[in-house]
Amino acid sequence: MFQRLLFGLSHQKRIDGFARTWQTRAHRLLTANPGAKRAKDALNGTWLGHPLHPALTDVPIGAWTAALVVDLLDRRGTRAGRFASSVALGTGLAGAGLAALSGLADWSDVNRRQRPVGLVHALLNVAAVGAFGGSLWLRLRGSHSAGKALAVGGYTLASAGAFLGGHLVYTLGTQVDRNAWAREVDEFTPVMEQSDLPAGVLTRATLRGEPVLLYREGERIFALADTCAHAGCSLVSGRVEGGVLTCPCHGSAYRLDDGAVVHGPSPYPQPSFELRVRDGQIELRLASPGGRKRRAAFAEAAASPAAGFGSRPPPPAAPPR
Ligand code: FES
């Protein structure tokens, strides 16, 4: 029953028509100039390496839950209880503003199935904010019983909004790292003949079933996962400029060197690979974000004159004596 309702919501054409109009406007506003783009990156959580929205929603949900608990326990309506629940309501309202902005930044890049669900999620939360705001206003005017009743309504709306938020992430995959299930290849594994890799062209290869991307620039070769961490587009048709690879779908930009995020909407870095060339074959293995394996690769390369490492070509052979 629930599943059918949620499926219907994802495919509701009328709601989606409305949602698309507002998504386009939101995206335009959030990418209108470099300052707006920087703010959008921050709201997407690129600085955190994790979406910001779920962390920020904990503030209003936690504060409003606290207000509800105080209301329930403080049946006699003591001065301290009234003060505590009003402070909790106000804290939740302030937190809801930031949570809404980060949600808007994420929603401005969602796909067709996620878009109408995201809109209804947002409208439920706006209604909840209205109810909690009204509850606080009534309390400040001395109508505590009415304020408590309205807070229960607000909590019901916020819970429905949170349910749809969970559906957006866990069922529809919004802002989920698309490389979360990729196989981790720890051993150097051949993926391509070095002579087959053209310079200046993004080239797709396969590393034990996982699509990877190779790019040669002069003497250097870079290797990243091909599946964009944001929403799964292939990066092979992306654009490379100044050592940065930009995704063709929503414009996430990653440093070729190590996959670090330069611009969102992806908050997740793109998996990068250590590379060496042996017997004319390009070999890759996953590089850990902390660089532990990178150091290991350097040590291994030093021990073996045939091995290259990182994204550098193999060391030149010693001249004949
Ligand atoms: S899939 Fe969205 S930026 Fe790459």
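First, a word on what this report is: a plain description of the structure on this page.

About the cut-offs
- Residues numbered from 1 in each chain as written.
- Predicted model: local features only at pLDDT ≥ 70, side-chain atom pairs only at ≥ 80, totals over all residues.
- Heavy atoms only, no water.
- Helix = DSSP H or I, 4+ residues; strand = E, 2+ residues; numbered from the N terminus.
- Polar contact = N/O pair within 3.5 Å; in protein donor to acceptor, adjacent residues only side chain to side chain.
- Contact = heavy atoms within 4.5 Å.
- Phe/Tyr/Trp six-rings, centres within 6.5 Å; stacked < 30°, edge-to-face > 60°.
- Buried < 20%, exposed > 50% of the residue type's maximum accessible area, 1.4 Å probe, protein only.
- Lys NZ or Arg CZ within 6 Å of the ring centre and 35° of its normal.
- Disulfide = S-S within 2.5 Å.

1. Quick look at the side chain of Ser-252
Line of reasoning, step 1. You can see Ser-252 is positioned in the loop between strand E6 (244–246) and strand E7 (253–255).
Line of reasoning, step 2. Side-chain polar atoms of Ser-252 contact the backbone nitrogen of Ser-266, separated by 2.9 Å.
Line of reasoning, step 3. The residues touching Ser-252, leaving out its near neighbours within four places in the chain, are Cys-228, His-230, Leu-245, Thr-246, Cys-247, His-263, Gly-264, Pro-265 and Ser-266.

2. Re the packing of aromatic side chains
Line of reasoning, step 1. Scanning all chains against the criterion turns up two aromatic pairs.
Line of reasoning, step 2. An angle of 15° between the planes, with centres 4.2 Å apart, marks the rings of Trp-64 and Phe-132 as stacked. You can see Trp-64 sitting in helix H4 (residues 53–73) and its partner Phe-132 sitting in helix H6 (residues 114–140), a full 68 residues away along the chain.
Line of reasoning, step 3. Given a relative accessible area of 5%, Trp-64 falls into the buried group.
Line of reasoning, step 4. Residue classification places Phe-132 among the buried residues on the basis of a relative accessible area of 1%.
Line of reasoning, step 5. Over the ring of Trp-22 we find Arg-25, and its NZ or CZ is 4.8 Å from the ring centre.

3. Let's talk about the state of the cysteines
Line of reasoning, step 1. Under the definition given, this model contains one disulfide.
Line of reasoning, step 2. Each sulfur of the disulfide joining Cys-233 and Cys-249 lies 1.9 Å from the other. Since a negative S-S torsion denotes a left-handed disulfide, the Cys-233-Cys-249 link at about -95° is left-handed. Here Cys-233 is found in the loop between strand E4 (220–225) and strand E5 (239–241), whereas its partner Cys-249 is found in the loop between E6 and E7, with 16 residues between them in sequence.
Line of reasoning, step 3. When its relative accessible area of 18% is taken as the criterion, Cys-233 is described as buried.

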